Amino acid sequence: MYRREMILGLVATTLAACQRPQRQLGPDGLPLPTVYRISDRDAAAVQFRMLDSINALRTKAGAAPVELNAQLNAAAATHARDMSIQNRPWLFGSDGSSPLDRALRAGFAGRLLGENISESYETELQTLAAWMGQADTRAVLLDPNARSMGFAWYQEPEGKLWWCLNMGSDPAMSQPIPSVAF
């Protein structure tokens with residue numbers, strides 16, 4: 001008898017361990033988002049994962065690859081934090097600045113071609129997929145004139161992420177073409 005109870009107890013324990021944990025549901029009946037945390041040591045990996053993914057998409061579309069640009073990264077980081085402070089995803093800063101203003105302030109010498117933003121709990125690749133699903137944000141990512149990219153985020157303590165991506169031209173492209181004397 002004792003042996004049978006022991007076997008049934010082991011089977012019940014094994015089955016309980018195999019059950020999936022239930023996700024918490026929101027008031028609308030949909031699962032609440034899971035928090036995607038980015039640690040300081042993961043920051044470079046996140047940035048390069050996004051860069052590699054965008055370059056793969058650009059290659060498939062016949063566009064040249066882009067490189068991370070420190071000034072565009074700084075402009076993106078500033079705006080991601082500012083969107084959090086404003087508690088709204090939009091292209092204008094709390095000081096009225098536009099994406100172009102922020103790129104110039106950060107010292108970017110090229111031409112800013114576009115800015116994509118997002119407010120989510122999603123990973124960078126889920127955010128990229130959402131941007132690729134919209135014609136206007138996809139056009140920024142695949143702009144054939146882009147050679148520089150800035151990508152940053154701000155994560156609030158409870159986990160909400162504010163993403164910002166900037167695409168810019170090669171600085172040489174924004175310079176006037178020298179005149180030729182005949």
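Quick note: structure is the one above.
Quick look at the structure, then. (Residues numbered from 1 in each chain as written. Predicted model: local features only at pLDDT ≥ 70, side-chain atom pairs only at ≥ 80, totals over all residues. Heavy atoms only, no water.)

### Some details on the overall build of the protein
Using the following cut-off: Helix and strand assignments come from DSSP, with helices taken as H or I runs of at least 4 residues and strands as E runs of at least 2, each series counted from the N terminus. Exposed residues in this analysis have more than 50% of their type's maximum accessible area, buried residues have under 20%, and partly exposed residues fall in between, with area computed by a 1.4 Å probe over protein chains only. Throughout, a contact is declared for two residues whenever any of their heavy atoms are within 4.5 Å. Only the protein chains shown count as cover for residues, and the accessible areas themselves come from Shrake-Rupley with a 1.4 Å probe.
If you tally the helices and strands in the protein, you get six helices and four strands. Helices (α) and strands (β) of the protein occur, in sequence order from the N terminus, as α-α-β-α-α-β-α-α-β-β. Across the 182 residues of the protein, 36% fall into the buried class. Summarising the internal contacts of the protein: among those between residues at least 6 apart in sequence, 67% fall at separations of at least 24. Counting only carbon and sulfur atoms, one obtains 58% of the accessible surface of the protein, whose full area is about 11,400 Å².

### Digging into unusual backbone geometry
Residue Asn87 is not a glycine yet carries a positive backbone phi of 55 degrees. Counting through the fold element by element, Asn87 comes out in the loop between α3 (70–86) and α4 (99–105).

### A look at the pattern of salt bridges
Going by this rule: Salt bridges are defined as contacts in which a side-chain nitrogen from Lys or Arg sits within 4 Å of a carboxyl oxygen from Asp or Glu.
Evaluated as defined, the whole model comprises four salt bridges. Here Arg105 and Asp95 are joined by a salt bridge, their closest N and O atoms 3.0 Å apart. Pair noted here: Arg105 is in helix α4 and Asp95 is in the loop between α3 and α4, with a separation of ten residues, a long-range link. Asp95 matches Arg105 in its accessibility class, with the two residues each being exposed.

### As for the packing of helix α2 (residues 43–60) against helix α5 (residues 124–132)
Going by this rule: Orientation is described by axes fitted as lines to C-alpha atoms, over the contacting stretch for helices, and by angles from 0 to 180 degrees between their N-to-C directions. These descriptions rest on fixed angle ranges, namely under 35 degrees for roughly parallel, over 145 for roughly antiparallel, 65 to 115 for roughly perpendicular, and the rest for oblique. Each helix crossing is assigned a hand: it is left-handed if the near helix lies turned anticlockwise from the far helix by less than a right angle, otherwise right-handed if that turn is clockwise. Residues are grouped as follows: Ala, Val, Leu, Ile, Met, Phe, Trp, Tyr, Cys and Pro are nonpolar; Asp, Glu, Lys and Arg are charged; every other residue, Gly included, is polar.
Between α2 and α5, the least distance of the axes is 10 Å, while the angle of their chain directions is 30 degrees. Judged on the interaxial angle alone, α5 and α2 are roughly parallel. Crossing handedness for the pair α2 and α5: right-handed. Contacts between α2 and α5 involve Val46, Arg49, Met50, Ser53, Ile54 and Leu57 from the former and Glu124, Leu125, Leu128, Trp131 and Met132 from the latter. Within the contact of α2 with α5, the residues separate by chemical class into eight nonpolar, one polar and two charged.

### Topic: the side chain of Asn55
Mapped onto the elements, Asn55 comes out in helix α2. For Asn55, a relative accessible area of 14% puts it in the buried group. Apart from residues no more than four positions distant in its own chain, Asn55 is found in contact with Pro65 and Val66.

### Description of the sheet that holds strand β3 (residues 148–155)
Basically, it comes down to this: Whether two strands pair comes down to DSSP finding at least two bridges between them.
Overall, mixed pairing links the four strands, which are arranged β1-β3-β4-β2 in an open sheet. Since the sheet does not close on itself, it has two edges, and those belong to β1 (67–68) and β2 (112–120), each with one partner. Sheet topology places β1 next to β3; two bridges connect them, and they run parallel. By the bridge assignment for β3, Glu67 is matched with Ser148. Across the sheet, α2 is in contact with β1, β3 and β4 (161–168); its angle to β3 comes to roughly 135 degrees.

### Overview of α5
Given 3.6 residues to a turn, an α-helix orients residues that are three or four positions apart in the same direction. The condition is simple: Arc definition: it is the arc formed by the directions from the helix axis to the C-beta atoms.
Those residues of α5 that fall on the buried side of the exposure criterion are Glu124, Thr127, Leu128, Trp131 and Met132. Burial along α5 is one-sided: seen end-on, the buried residues are contained in an arc of 140 degrees. Next to the buried residues of α5 lie α2, β2, α6 (135–141), β3 and β4.

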